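# Structural description and commentary
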There are 2 protein chains.
Amino acid sequence: MDQQLCLVTLGVRDLGASRRFYVAWLEHDPTLDLDEVVFIQVGHGLLLGLFPASELTTDSGASLERLERGASAPMSLAQTAGSPSEVDRVLARALDAGATLVKPAQDAPAFNGYHCYFADPDDFLWEIAHNPGLRFAPDGRASFGD
Amino acid sequence: MDQQLCLVTLGVRDLGASRRFYVAWLEHDPTLDLDEVVFIQVGHGLLLGLFPASELTTDSGASLERLERGASAPMSLAQTAGSPSEVDRVLARALDAGATLVKPAQDAPAFNGYHCYFADPDDFLWEIAHNPGLRFAPDGRASFGD
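Rules behind the numbers
Residue positions are counted from 1 within each chain, in the order its sequence is given. Each chain is given a letter, starting from A, and each ligand a number, starting from 1, according to the order in which they appear as written. Where local features are concerned, this predicted model is filtered to residues with pLDDT of at least 70; where side-chain atom pairs are given and counted, the filter is 80 or more; whole-chain, interface and lining totals use all residues. Side-chain figures throughout are based on the complete set of non-hydrogen atoms in the structure, without hydrogens or water. Pairing of aromatic rings covers Phe, Tyr and Trp, the last counted by its six-membered ring, and requires centre-to-centre distances within 6.5 Å; plane angles under 30 degrees mean stacked, over 60 mean edge-to-face, and any other angle means tilted. When accessible area is computed with a 1.4 Å probe and restricted to protein chains, residues below 20% of their type maximum are described as buried, those above 50% as exposed, and intermediate ones as partly exposed. Put simply, a salt bridge is a Lys or Arg side-chain nitrogen that is within 4 Å of an Asp or Glu carboxyl oxygen. Each helix is a run of DSSP H or I of at least 4 residues and each strand a run of E of at least 2, with the numbering of both proceeding from the N terminus. Here a cavity means grid points, on a 1 Å grid over the protein atoms only, where a 1.4 Å probe fits yet cannot get out; a pocket means an open set of points with protein on both sides within 12 Å along at least five of seven lines; lining residues are those with an atom within 4 Å of a point. Grid points are joined across faces, edges and corners, and a volume is the space filled by probe spheres set on the points. Any residue that is not Ala, Val, Leu, Ile, Met, Phe, Trp, Tyr, Cys, Pro, Asp, Glu, Lys or Arg is counted as polar, Gly included; the first ten are nonpolar and the last four charged. In this analysis, the expected span of each helix is defined as 1.5 Å times one less than the number of residues it contains. Note that the arc is computed from the directions linking the helix axis to the C-beta atoms. Paired strands are those between which DSSP finds at least two bridges.

### Looking at the packing of aromatic side chains
Considering all chains together, one arrives at five aromatic pairs over all chains under this definition. Ring geometry for F21(A) versus Y22(A): centroids 4.8 Å apart, planes at 80°, classification edge-to-face. The same class applies to F21(A) as to Y22(A), namely buried. Taken together, the ring pairs connect F118(A), W126(A), F21(B) and Y22(B) into an aromatic cluster.

So, in structure tokens, the structure goes:
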């Protein structure tokens, strides 16, 4: 299993309301709990991200029209990569497989990393990101920070 | 980690096209590969499900209007439960946390199990399912069947 889906991001209308819902239902605190984004562990090596829909538009480079069109809900699926060059390789393979480029691979100052976005055949968004501050322990538990 | 997101289902326009894309990109065969649905391992204990959007409507009991409205893309997030009563408990806790009931807990003849659907505050769909035929091995690998 070289590739793992590790993050499902939902673009939400009201971050506070969504945060309250998931913390109450899952009965544990977020792994990362900021004013602008919330990450909650939801599986082995898997996080649920809550992000204002407008911010997801900004982060992904996808137009609001794309996010609202058909299958393009305000959500994305993500994989982490061990290095910028691995991001490039995974993206290249996706494009070879028929993906549509949404955001070319580039530096991501927000997390001191490197990332890209592409769309699958139904315009579902995938992000491939090298994020030096995100780690998964052997038991799958995620942590952020140095 | 009592609860794990184990399935992300995308309601797709053309199952064959989506299957070809994911098999080509991920470079491994589906765990379950049927004419009407495809499941592909995408992480430790985690599957990506590809399902015609119209069938996702039928399976979830959500109206097409709901699936197309705002955040309600043709996709869902899923957890497995060890028993029907655990489905009931997880659903009750979600409703207590503010979820909207979409499909009351009931037998699911399609997989000889028991399931329900609810919507989170943004109308993202969650399915809670007891599926006796779906197993995750200690290494997270999923299998279907007796």
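### Brief notes about the pattern of salt bridges
Applying the stated rule across the entire model yields four salt bridges over all chains. Among the ionic pairs, R93(B) bridges to E27(A), the shortest N-O distance being 3.4 Å. In this pair, R93(B) sits in helix α4 (residues 84–96) while E27(A) sits in the loop between α1 (15–26) and β2 (32–33), so the two residues belong to two different chains. Classification of R93(B) as partly exposed rests on a relative accessible area of 23%. Residue E27(A) is classed as exposed on the basis of its relative accessible area, which comes to 56%.

### Quick word on the layout of surface pockets
Residue and element names in this part refer to chain A. Taken as a whole, the second largest pocket holds about 680 Å³ of empty space. Lining the second largest pocket are 32 residues, with F39, A110, F111, N131 and F144 positioned closest to its centre. Within the residue set of the lining of the second largest pocket, elements represented by two or more residues are β1 (7–12), β4 (46–52), α2 (53–60), β5 (75–80), β8 (125–130) and β9 (134–136). Grouping the amino acids of the lining of the second largest pocket by side-chain chemistry returns 19 nonpolar, nine polar and four charged.

### What to know about helix α4 (residues 84–96) of chain A
Residues and elements named next belong to chain A. The terminal C-alpha atoms of α4, which comprises 13 residues, lie 18 Å apart, in line with the 18 Å expected from a rise of 1.5 Å per residue. Where α4 is concerned, the buried positions are V87, V90, L91 and A94. Projected down its long axis, α4 shows its buried positions confined to an angular sector of 100°, all on one face. Exposed residues pointing more than 90 degrees away from the buried face of α4 are listed as R89 and D96. Downstream of α4 by one or two residues, G98 has phi in the positive range, about 115°.

### A look at the pairing of strand β6 (residues 100–108) of chain A
All names here are of chain A. In this structure, β6 lies alongside strand β7 (residues 113–119), joined through six bridges in antiparallel fashion. For T100, the partnering residue across the bridge sits in β7 and is A119. Linkage of β6 to β7, two consecutive antiparallel strands, is achieved through a turn of four residues, within which N112 is found at a positive phi near 55°.

### Looking at unusual backbone geometry
With a phi close to 55°, N112(A) is a non-glycine residue in the positive phi region. Here N112(A) shows up in the loop between β6 and β7.

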